[in-house]
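Structure at a glance
Chain by chain, the residues run as shown.
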Amino acid sequence: MDSADVISDLSRVLYQGPEIQRQIARLAAQIDDDYAGLSEQDLILVGVLNGAVMVMADLSRSLKTHCQMEWMAISSYGSGTTSSGVLRILKDLSVDIAGRHVLVVEDIIDTGLTLSYLIDNLRSRGPASVEVMTAFRKPEASKCPVDVKYVGFDIPADFVVGYGLDYAGRYRNLTDLGVLDPKVYTR
């Protein structure tokens, strides 16, 4: 699905699919350079569910470096839609990361609070290194500075959907990234 299929739900399109794909390929080339010379078992990509599925798939297919893919799911919400302030790991890694190079793959970084928790958690497990790659980052929304080595696009602090990002379970399969029109979520 592209933005033309849901154009009435978007106030504007920030990036179209082909532009996102080119940027992911550029980041993959940089990652390949940075991790050149590692053995096949050294690099592990850790995707953060659910949003990072698209990014992880495209990034991993663009890499020339051998890597293993793992997934984590973290929740910062209680029973409602307001953050409880308590973070929980809903799905943990299925492998030991001690001595390995970990690259956390994110769809978007906004406040940085959840990512900061995740990085601290992963570092406590004794990896050789922990770096972060994100497709999108909202610098204006940051509440907790996080060192992000690979950034696809810096975007405004608007509510965005597409390329893995959703609203109420919709729009994840949108190949573009767009700003969701407030009329959609204020109905």
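Residues numbered from 1 in each chain as written. Predicted model: local features only at pLDDT ≥ 70, side-chain atom pairs only at ≥ 80, totals over all residues. Heavy atoms only, no water.

Quick look at unusual backbone geometry
We count it as follows: Note on conventions: DSSP H or I runs of at least 4 residues are helices, E runs of at least 2 residues are strands, and numbering of each starts at the N terminus. Exposure classes here rest on a 1.4 Å probe applied to the protein chains alone. A residue is buried below 20% of its type maximum, exposed above 50%, and partly exposed in between.
Between Leu49 and the following residue, Asn50, the backbone shows a cis peptide bond with an omega angle of 0 degrees. Relative to the elements of secondary structure, Asn50 occurs in the loop between strand S2 (43-49) and helix H2 (53-62). With a phi angle near 50 degrees, Tyr163 is a residue other than glycine that sits in the positive phi range. In this fold, Tyr163 is placed in the loop between strand S8 (160-161) and strand S9 (177-180). For Tyr163, a relative accessible area of 4% gives the class buried. Positive phi values are uncommon outside glycine, yet Tyr171 reaches one of about 80 degrees. Counting through the fold element by element, Tyr171 comes out in the loop between S8 and S9. On the basis of relative accessibility, which here comes to 3%, the residue Tyr171 falls in the buried class.

Quick notes on the sheet that holds S8
The criterion, for reference: Pairing between two strands is assigned when DSSP locates at least 2 bridges connecting them.
What the three strands build is an open sheet, ordered S1-S9-S8; its pairing is antiparallel. The open sheet terminates on both sides in strands that have one partner only, identified here as strand S1 (10-15) and S8. Here four bridges tie S1 to S9, and the two strands are oriented antiparallel to one another. Bridge pairing links Arg12 to Val179 in S9.

A look at the pairing of strand S5 (residues 101-109)
We count it as follows: Handedness of a crossover: with both strands directed away from the viewer, a clockwise path from the first strand across the helix to the second marks it as right-handed.
By the criterion of burial, S5 is predominantly enclosed, with eight of the nine residues buried. Relative to strand S6 (residues 129-137), S5 is paired through eight bridges, and the arrangement is parallel. In the sheet register, Ile109 faces S6, and the bridge partner there is Arg137. Crossover connection from S5 via helix H3 (residues 113-123) to parallel S6: handedness right-handed.

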